[in-house]
Amino acid sequence: MSKALAKESHAAGWQEDCEGGSRRRSWGLLVTAGVGGTLVALYAVVTPFVTPALRKVCLPFVPATSTQIQNVLKMLENRSGSLVDIGSGDGRIVIAAAKRGFKAVGYELNPWLVWYSRYRAWRDGVHQNTKFYISDLWKVSFSHYTNVVVFGVPQMMPQLERKLEEELQCNARIIACRFPFPCWIPDHTTGEGTDTVWAYDLKHHRGCETKSLEITPETES
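Here the structure is a predicted model, which means the values were calculated and not measured.

## Structural notes on the pattern of salt bridges
This model, assessed by the stated rule, comprises 6 salt bridges. In this structure, R120 engages D90 in a salt bridge whose closest nitrogen and oxygen atoms are separated by 3.2 Å. Of the two residues, R120 sits in helix α4 (residues 111–123) while D90 sits in the loop between β1 (82–86) and α3 (92–99), which places them 30 residues apart along the sequence. Pair check on accessibility: R120 and D90 agree, each one buried. Close ionic contact of R173 with D201 constitutes a salt bridge, the shortest N to O distance being 2.7 Å. One end of the pair, R173, is in strand β5 (residues 173–177); the other, D201, is in strand β7 (residues 197–201), with 28 residues separating them in the sequence.

What follows is the structure, encoded as structure tokens:
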């Protein structure tokens with residue numbers, strides 16, 4: 001009788017151990033799945049903000065500092081017309097310009113940053129004066145903009161200089177941040193170090209001159 005009870009007890013204990021192990025494995029799988037899903041979600045959200053977008057020249061997303069934004073706005077004083085930010089990132093330059101009264105547009109290849117820029121513009125109440133496009137800067141014509149802001153890298157500046165030279169009108173001002181253009185001589189410079197901003201008035205580099213019409217009075221015959 002005691003042997004039978006011992007066998008039954010042993011069998012019950014073995015069954016409980018199996019059930020307990022099964023429950024622990026199930027919880028382990030759930031926890032692993034939850035952590036894995038969270039990491040995947042974070043990767044999907046964060047990666048587009050910290051990795052370079054696929055461009056002809058690799059442009060990593062480095063947010064403009066508050067000092068850089070103020071230096072850009074300083075270069076836009078007494079300016080009017082349309083404004084474009086080439087490689088607009090999270091939209092902070094475009095939004096700051098819109099708050100100063102510009103109709104501002106940003107071109108950015110990274111769709112996550114474009115959607116985030118649109119949200120920021122809506123949040124800051126300037127969405128009616130801003131537009132953001134998902135586009136490769138090399139496939140866009142900037143001919144109808146009179147103010148151009150560029151946050152570039154040294155590798156792209158020579159080619160971009162030629163592109164803007166061909167497309168922009170004489171009254172355009174190009175503002176370069178972090179890195180200057182290789183051939184143009186800046187008309188204005190402000191800031192120090194990585195916050196330096198260079199402004200180029202295209203009319204000076206093309207030799208454009210605004211000549212007033214001379215009216216010759218008619219002589220009596």
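## Looking at the pairing of β1
Within β1, 4 of the 5 residues are buried, which leaves the element mostly enclosed by the surrounding structure. With 5 bridges joining them, β1 and strand β2 (residues 103–108) adopt parallel strand pairing. What sits directly across from I86, in β2, is Y107. Handedness of the crossover is the feature at issue here: the chain leaves β1, passes through α3, returns alongside β2, and the resulting connection is right-handed.

## Thoughts on the environment of G193
Checked against the element boundaries, G193 lands in the loop between β6 (188–190) and β7. Using a relative accessible area of 55% as the deciding quantity, one classes G193 as exposed. Once the C-alpha coordinates of G193 and R178 are considered, the two residues, 15 residues apart in sequence, prove to be 7.8 Å apart.

## Examining the side chain of S88
If you trace the backbone, S88 turns up in the loop between β1 and α3. Under the relative-accessibility criterion, S88 is labelled buried at 6%. Not counting the four nearest positions on each side in its chain, S88 is found in contact with V94, G106, Y107, E108 and F132.

## Observations concerning unusual backbone geometry
A positive phi is found at N78, a non-glycine position, where the angle reads about 65 degrees. If you trace the backbone, N78 turns up in the loop between α2 (66–75) and β1. By relative accessible area, which is 83% here, N78 ends up exposed. Its identity is not glycine, yet R178 carries a phi of approximately 75 degrees, on the positive side. Mapped onto the secondary structure, R178 falls in the loop between β5 and β6.

## With respect to the confidence of the model for the protein
When the pLDDT values of the protein are averaged, the result is 78; 66% of them are 70 or greater. The spread of mean pLDDT over the elements of the protein runs between helix α1 (residues 2–50), the lowest at 49, and α3, the highest at 97. Between residues 35–58, whose pLDDT stays under 50, and residues either more than four places distant or in other chains, the model counts 29 contacts.

## A few points about the sheet that holds strand β4 (residues 147–151)
The strand order β3-β2-β1-β4-β5-β7-β6 describes an open sheet built from 7 strands, whose pairing is mixed. Looking at which strands have only one partner, the edges of the open sheet turn out to be β3 (130–134) and β6. The average undirected angle you get between the axes of adjacent strands in this sheet is 15 degrees. Direction of pairing for β2 relative to β3: parallel, over a ladder of 5 bridges. Paired with V105 across the two strands is K131, which belongs to β3.

## Quick word on a nonpolar patch on the surface
A contiguous nonpolar surface patch, about 320 Å² in accessible area, is contributed by W112, W115 and I134. Residue position: W115 is located in helix α4.

What counts, and at which threshold
Residue numbering note: each chain is counted from 1, following its sequence as written. With the structure being a predicted model, the display of local features is reserved for residues of pLDDT at least 70 and the display and counting of side-chain atom pairs for 80 or more, all residues being used for whole-chain, interface and lining totals. No hydrogens and no water enter the side-chain calculation; it runs on all heavy atoms of the structure. Any carboxyl oxygen of Asp or Glu within 4 Å of a side-chain nitrogen of Lys or Arg constitutes a salt bridge here. Counting from the N terminus, the helices are DSSP H or I runs at least four residues long and the strands are E runs at least two residues long. Relative accessibility under 20% of the residue-type maximum defines a buried residue, over 50% an exposed one, and the middle range a partly exposed one, all with a 1.4 Å probe and only protein chains included. Two strands are said to pair when DSSP picks up at least two bridges between them. With the strands pointing away from the viewer, any crossover whose connection runs clockwise from the first strand over the helix to the second is right-handed. Two residues qualify as a contact provided that any one of their heavy atoms is within 4.5 Å of a heavy atom in the partner residue. You can read pLDDT as the predictor saying how much it trusts each residue, on a scale of 0 to 100. An axis is simply a line fitted to the C-alpha atoms; with a helix, the fit covers only the stretch in contact. Between two such axes, the angle follows the N-to-C directions and lies from 0 to 180 degrees. By definition, no residue in a patch forms a salt bridge, and every one has over 30% relative accessible area; like charges are joined within 9 Å, nonpolar side chains (Val, Leu, Ile, Met, Phe, Trp, Tyr) within 5 Å. For every accessible area listed, the method is Shrake-Rupley and the probe measures 1.4 Å; residues are considered covered only by the protein chains on display.

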